[in-house]
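Structural overview
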Amino acid sequence: MTSTFLPDKRTGTGAGAGAPPPAADRPTGRARRRALHWLTAAGFQLPALVLFAGLVLLPMLFALYAAFFRWGGFGMPSDYIGGENFTRLFQDEVFLGDLWRCLVLVVLSLAVQLPFALAMAVLLNQRMRGRAVYRMLFFAPYVLSEAITGILFGMIFAPDDGFADQVLDRIGLAGLGGEWFADPSTVMATLFLVMTWKYFGFHMMLYLAGLQAVPRELTEAALIDGASAWQRFRNVTLPLLAPTLRISVFLSVIGAIQLFDLVWVTTAGGPDHHSETMAVTMFQYGFKRYQVGYASAISVVMFGISLVFALAYQRFVLRRDLEGATTTMRGDAK
């Protein structure tokens, strides 16, 4: 006859009393697993972080350092001049003109290019014959490189014998032709036309992707309730497309601030600086005039403008889109 020894509730003695917890439940076990997870994540991220530090962070820090020197780009900077480059920068009429032209491009992009892209996206989201072909044709310019685009439109808008002047002459509107890129009064308008042709297809595809996520049931319900096409677009489609619109605006503004290659290939900033952007001015001083310290100051200001805009836009515009978008890695997952 055997008897079972029951634990005493008061003393906690008995079978199994005082036994150590399973290894997986020990604090050291959890800490070890968490450390292993972090080391695994760090191992995957390390190559990208090394490349990012070497190709982005270090050049940025060196540009900030060089901005305080009078430096021609050879050897190490040694002629320290403090903030003289930045003082000169905001007294330079060319750079102040760059800021004004940047603002003009931003306003035109938001007021003309993006609404045009949205209208085309809404149109191509409808059922029609050849819809896929039209989408491909409108998106094709974005696939071309800026160099090819610049050369192409340089030939189209060549004075007198360019394709644009020949077409206007054939239809009896020769008086509307001109020097296009060579005339200070028309160069920015012509440049913006090229920019719109080049980039509107990208924003159109963004809007098309956003429109695909709009539930068709909502628009059908609005139609049944008697809403017109404009009312359905304004009250149903547009609010649901708002996150895509906000991303599109952000990319458009940042692109206008950093615009370089298309301008450089088409006009090189001419005539007489009337189409220069901050990036073109930076290139001119850094690689043409060998005033690398001054060019570094321009790059620092460009970065500062982009950073301030990005942080402010994220804080006040993208805040709702970013809420709940972050994830955390927990080492105590079972």
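Model, not experiment: these values are computed from the prediction.

1. Some words on the overall build of the chain
- Helix and strand counts for the chain stand at 13 helices and 0 strands.
- Burial statistics for the chain: of 334 residues in total, 32% are counted as buried.
- Look at the contacts in the chain between residues 6 or more apart in sequence, and 64% of them connect residues 24 or more apart.

2. Details of a nonpolar patch on the surface
- A cluster of nonpolar side chains, contributed by Leu 51, Phe 52, Leu 55, Val 56, Leu 57, Met 60, Phe 303, Leu 307 and Leu 311, occupies part of the molecular surface with about 830 Å² of accessible area.
- Considering every element that reaches the nonpolar patch, the biggest residue donor is helix 1 (residues 27-66), with 6 residues.

3. Thoughts on the side chain of Ser 252
- On the secondary structure map, Ser 252 appears in helix 9 (residues 229-257).
- Of the residues examined, Ser 252 reaches a relative accessible area of 8% and is grouped as buried.

4. A closer look at the packing of aromatic side chains
- One pass over the structure, following the stated rule, counts 25 aromatic pairs.
- With a centroid separation of 5.9 Å and an interplanar angle of 20°, the aromatic rings of Phe 153 and Phe 157 are classed as stacked.
- Classification of Phe 157 as buried rests on a relative accessible area of 7%.
- For the pair Phe 250 and Tyr 313, a centre-to-centre distance of 5.6 Å together with 35° between the ring planes defines the contact as tilted.

5. Notes on the environment of Leu 240
- Structurally, Leu 240 is set in helix 9.
- Taking the relative accessible area as the measure of exposure, Leu 240 reaches 41% and is therefore partly exposed.
- Measuring from C-alpha to C-alpha, the distance between Leu 240 and Pro 215 comes to 9.2 Å, with 25 residues separating the pair along the chain.
- Among residues more than four places away in sequence, those in contact with Leu 240 are Val 214, Pro 215 and Leu 218.

6. Focus: the nonpolar core
- The biggest cluster of nonpolar side chains holds 36 residues, and the ones touching the most others in it are Leu 105, Phe 157, Leu 259 and Ile 298.
- Those elements that place two or more of their residues in this core are helix 2 (84-89), helix 3 (93-124), helix 6 (163-170), helix 7 (187-212), helix 9, helix 10 (261-266), helix 11 (278-288) and helix 12 (292-316).
- With 7 residues, the single largest contributor to this core is helix 7.
- Setting aside residues no more than four positions away along its own chain, Leu 105 makes contact with Met 188, Phe 192, Met 195, Ala 256 and Leu 259.
- Leu 124, Phe 200, Tyr 207 and Phe 233 belong to the second largest nonpolar core, which has 14 residues in total.

7. Remarks on the side chain of Thr 266
- Its place among the elements puts Thr 266 in helix 10.
- Separated by 2.7 Å, the side chain of Thr 266 and the backbone oxygen of Leu 262 make a polar contact.
- Only 3.2 Å separates the side chain of Thr 266 from the backbone oxygen of Val 263, close enough to count as a polar contact.
- Excluding anything up to four places from it in sequence, Thr 266 contacts Gly 150, Phe 181 and Leu 191.

8. As for the pattern of salt bridges
- Within the structure shown, the criterion is met by 4 salt bridges.
- One salt bridge connects Asp 79 with Arg 70, and the closest N-O pair in it is separated by 3.0 Å.
- Under the relative-accessibility criterion, Arg 70 is labelled partly exposed at 47%.
- Residue Glu 84 pairs with Arg 70 through a salt bridge whose shortest N-O separation is 3.1 Å. Of this pair, Glu 84 sits in helix 2 while Arg 70 sits in the loop between helix 1 and helix 2, and the two are 14 residues apart along the sequence.
- The class of Glu 84 is partly exposed, set by a relative accessible area of 41%.
- When salt bridges that share partners are traced, they join Arg 70, Asp 79 and Glu 84 into one network.

9. Side note on unusual backbone geometry
- That bond from Gly 270 to Pro 271 is cis: its omega, -5°, falls within 30 degrees of zero.
- As for its placement among the helices and strands, Pro 271 is situated in the loop between helix 10 and helix 11.
- Non-glycine residue Trp 180 carries a positive phi angle of around 55°.
- Take Trp 180: it is sitting in the loop between helix 6 and helix 7.

About the criteria used
- Residues numbered from 1 in each chain as written.
- Predicted model: local features only at pLDDT ≥ 70, side-chain atom pairs only at ≥ 80, totals over all residues.
- Heavy atoms only, no water.
- Helix = DSSP H or I, 4+ residues; strand = E, 2+ residues; numbered from the N terminus.
- Buried < 20%, exposed > 50% of the residue type's maximum accessible area, 1.4 Å probe, protein only.
- Contact = heavy atoms within 4.5 Å.
- Patch = residues over 30% accessible without salt bridge, like charges linked within 9 Å, V, L, I, M, F, W, Y side chains within 5 Å.
- Areas by Shrake-Rupley, 256 points an atom, 1.4 Å probe, with all protein chains shown as cover.
- Salt bridge = Lys/Arg side-chain N within 4 Å of Asp/Glu carboxyl O.
- Phe/Tyr/Trp six-rings, centres within 6.5 Å; stacked < 30°, edge-to-face > 60°.
- Core = buried A, V, L, I, M, F, W, Y, C linked by side-chain atoms within 4.5 Å.
- Polar contact = N/O pair within 3.5 Å; in protein donor to acceptor, adjacent residues only side chain to side chain.

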